[in-house]
Amino acid sequence: MSEKQRTIKTPVSLKGRGLHTGMEATITFKPAPVNHWYKFKRIDLPGEPIIDADVDNVTDTERGTTLEQNGAKIATTEHLLAALVGLEIDNALIEVSGPEVPIMDGSSKLFVQALEKAGIVEQDANRVYFELKDNLTYEDAPGHIEMLAVPQDTFRLTVMVDYNSPMLGTQHATIYKVSEFKDEIAACRTFVFLHELEMLLKHNLIKGGDFDNAIVLVDREIPKEKLDYLAKVFNKTGIEIKYPGILNNTKLNFYNEPARHKLLDMVGDLALVGMPIKAHILAARPGHSGNVAFAKKLKEAAKKDRFKKGVGKYNPNVVPLIGITEIMHLLPHRPPFLLVDKILELSGTHVVGVKNVTMNEDFFRGHFPGNPIMPGVLQIEAMAQTGGILALKTVPDPENYLTFFMKIDNVRFRNQVVPGDTLIFHLELMEAVRRGIFKMKGTAYVGDKIATEAEMMAQIVKVKETNGSATEKKSEKIKQD
């Protein structure tokens, strides 16, 4: 039985200070539509820019994971993202009133509690997993980091940490399925060695750090004057080493809490793959830089796997949902500038179109005539025309509207398209439609190879009045899901 995507029922907010900036910020989790995944919105900045929780947007992994997109940054994202993954929430919008996610108690516990308070609801779409088919490895020799992912029918993590410290020693942590995260991992706090803490203080970092949101590990003898200095910096009294090797902290939640927190960080960083994962991931001495590097490898593998599946799913030889005659009723384009031949699938959130590339195309006469290659800009145009049909599905009389494209971002041309190729375009909504404006993620592929990728923003505008029943008959096809 297919699992449904999930989001939260009602908005819920939390307030706290950022670990490194010390700035106070409010975060608000909000429900989001299907296929949205996780997005941050910086509501304190002009235009309220959106930052996708995507590994391609990572710009810094020093003491946390920072994302940047559309001229905005959001830092220390991993604990919040881990809570969403741990509760198996697929779609959420996270509004933030500052540059850093609050550290709270240094774990994911308070985020988990807030999300459960908001309630979790199923949505009308199946969850899409990345199911690893072959072993995947990563190694960072200078950092002594090793990672391995093997096929598994659930999301399983095994972590080993070894800091060459007699105090910490070697620790292991494991979850056998993601549902264990809430009880076994969420409450595990971040940790730092005292000698690292001194360095961070000297560099004016961890302005929001406190003994209440981190475990401070002591792996050497500490003179009283240093304890007095720390008491002054953190405005605390009576600082002492309460447990062997732990500075002025409460009792550990688990004997291996540091290893469990490293596992928590991995869950949050691997959320940047952009979908739930089915694999067993084993990591030795992981950190944010290694987690992000491995997430990039997983995302690339997921992308290849997705489009290999697409070849079978989108068989260009099946009877089309919308043929060329109906397409010409919907779009104002005509040959040689009509660049989509048929529509195979159409729903409220996605569309699949086909373009058969032949040597008879007019553009081949002037574009590299001795070595015919379809121009990339025309691939984008064909993708836009396919996306236009998705946009027009939202109105009852689509032939009375035009689709105008407003912006194209993140365009990548990955493989050449030549005569004889069949281009298949897959476009899906990235956000809920507002005021007739659509934001779509588009991918064109030939066989199991990606040809072109782009993000598009378009708006539909009414240009003439409906003409009654004839219009309704013509638009009958496009209203079908």
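As a reminder, the structure under discussion sits directly above these lines.
Residues numbered from 1 in each chain as written. Predicted model: local features only at pLDDT ≥ 70, side-chain atom pairs only at ≥ 80, totals over all residues. Heavy atoms only, no water.

Concerning the overall build of the protein
Consideration 1: Across its full length, the protein carries 10 helices and 26 strands.
Consideration 2: For the protein, buried positions account for 53% of its 481 residues.
Consideration 3: Considering only contacts in the protein between residues 6 or more positions apart, those separated by 24 or more positions represent 72%.
Consideration 4: For the protein, the accessible area works out to roughly 22,000 Å², and carbon and sulfur atoms hold 50% of it. (Helix = DSSP H or I, 4+ residues; strand = E, 2+ residues; numbered from the N terminus. Buried < 20%, exposed > 50% of the residue type's maximum accessible area, 1.4 Å probe, protein only. Contact = heavy atoms within 4.5 Å. Areas by Shrake-Rupley, 256 points an atom, 1.4 Å probe, with all protein chains shown as cover.)

As for the sheet that holds strand β9 (residues 92-96)
Consideration 1: An order of β2-β3-β9-β4-β5 is seen for the five strands of this open sheet, with the pairing classed as mixed. Taken across any chain shown, the strands that pair with only one partner, and hence form the sheet edges, are β2 (12-17) and β5 (50-52). Neighbouring strand axes in the sheet, compared pairwise and without regard to direction, differ in orientation by 25 degrees on average.
Consideration 2: Of the strands in this sheet, β3 (24-31), β4 (38-42) and β9 are in contact with helix α1 (residues 78-86), which crosses β4 at around 145 degrees.
Consideration 3: On top of the sheet, helix α2 (residues 109-118) reaches β2 and β3; it is set at about 160 degrees to β2, its chief contact. (Pairing = 2+ DSSP bridges. Axes fitted to C-alpha atoms, helices over the stretch in contact; angles between N-to-C directions.)

Describing the sheet that holds strand β21 (residues 342-346)
Consideration 1: Reading across the sheet, the six strands line up as β21-β22-β24-β25-β26-β23 and stay open at both edges, with antiparallel pairing between neighbours. The outermost strands of the open sheet, each flanked by one partner alone, are β21 and β23 (401-413). Taken over all neighbouring pairs, the strand axes of this sheet differ in orientation by 25 degrees on average, direction set aside.
Consideration 2: With 10 bridges connecting them, strand β25 (residues 437-446) and strand β26 (residues 449-462) associate as antiparallel partners. By the bridge assignment for β26, A444 is matched with T452.

Quick look at the pairing of β9
Consideration 1: With five of its five residues buried, β9 lies for the most part within the structure.
Consideration 2: Of the two faces of β9, both are covered, the one formed by A92, I94 and V96 as well as the one formed by L93 and E95.
Consideration 3: Relative to β9, β3 is paired through five bridges, and the arrangement is antiparallel. By the bridge assignment for β9, K30 is matched with L93.
Consideration 4: Inspection of the sheet shows β4 paired to β9 by five bridges, in the parallel sense. Bridging from a neighbouring strand, Y38 pairs with A92 of β9.

Let's talk about unusual backbone geometry
Consideration 1: Put simply, P335 and P336 share a cis peptide bond, and its omega is 5 degrees.
Consideration 2: As for its position among the elements, P336 is in the loop between α8 (324-330) and β21.
Consideration 3: Phi angles above zero are rare outside glycine, and H144 is one such case at about 55 degrees.
Consideration 4: You can see H144 is positioned in the loop between β12 (136-140) and β13 (145-150).
Consideration 5: Phi at F368 is positive, roughly 50 degrees, even though this residue is not glycine.
Consideration 6: Relative to the helices and strands, F368 resides in the loop between β22 (350-356) and α9 (376-392).

A short note on the packing of aromatic side chains
Two numbers describe a pair of aromatic rings. These are the distance of the centres and the angle of the planes.
Consideration 1: Counted by the stated rule, this structure contains three aromatic pairs.
Consideration 2: Here the aromatic rings of W37 and Y38 are separated by 4.2 Å at their centres, their planes lie at 25 degrees, and the arrangement is stacked.
Consideration 3: Given the relative accessible area of 2%, Y38 is considered buried.
Consideration 4: The ring of Y129 is capped by K278, whose NZ or CZ atom sits 4.4 Å from the centre of that ring. (Phe/Tyr/Trp six-rings, centres within 6.5 Å; stacked < 30°, edge-to-face > 60°. Lys NZ or Arg CZ within 6 Å of the ring centre and 35° of its normal.)

Remarks on the side chain of H350
Consideration 1: Note that H350 resides in strand β22.
Consideration 2: For H350, a relative accessible area of 17% corresponds to the buried category.
Consideration 3: Side-chain polar atoms of H350 contact the side chain of E345, separated by 2.8 Å.
Consideration 4: A polar contact of 2.6 Å, which involves the side chain of H350, links it to the side chain of S347.
Consideration 5: Non-local contacts of H350, meaning those with residues more than four positions away in its chain, are made with E345, L390, H426, L427 and E428. (Polar contact = N/O pair within 3.5 Å; in protein donor to acceptor, adjacent residues only side chain to side chain.)

Keep in mind these numbers describe shape, not what the thing actually does.
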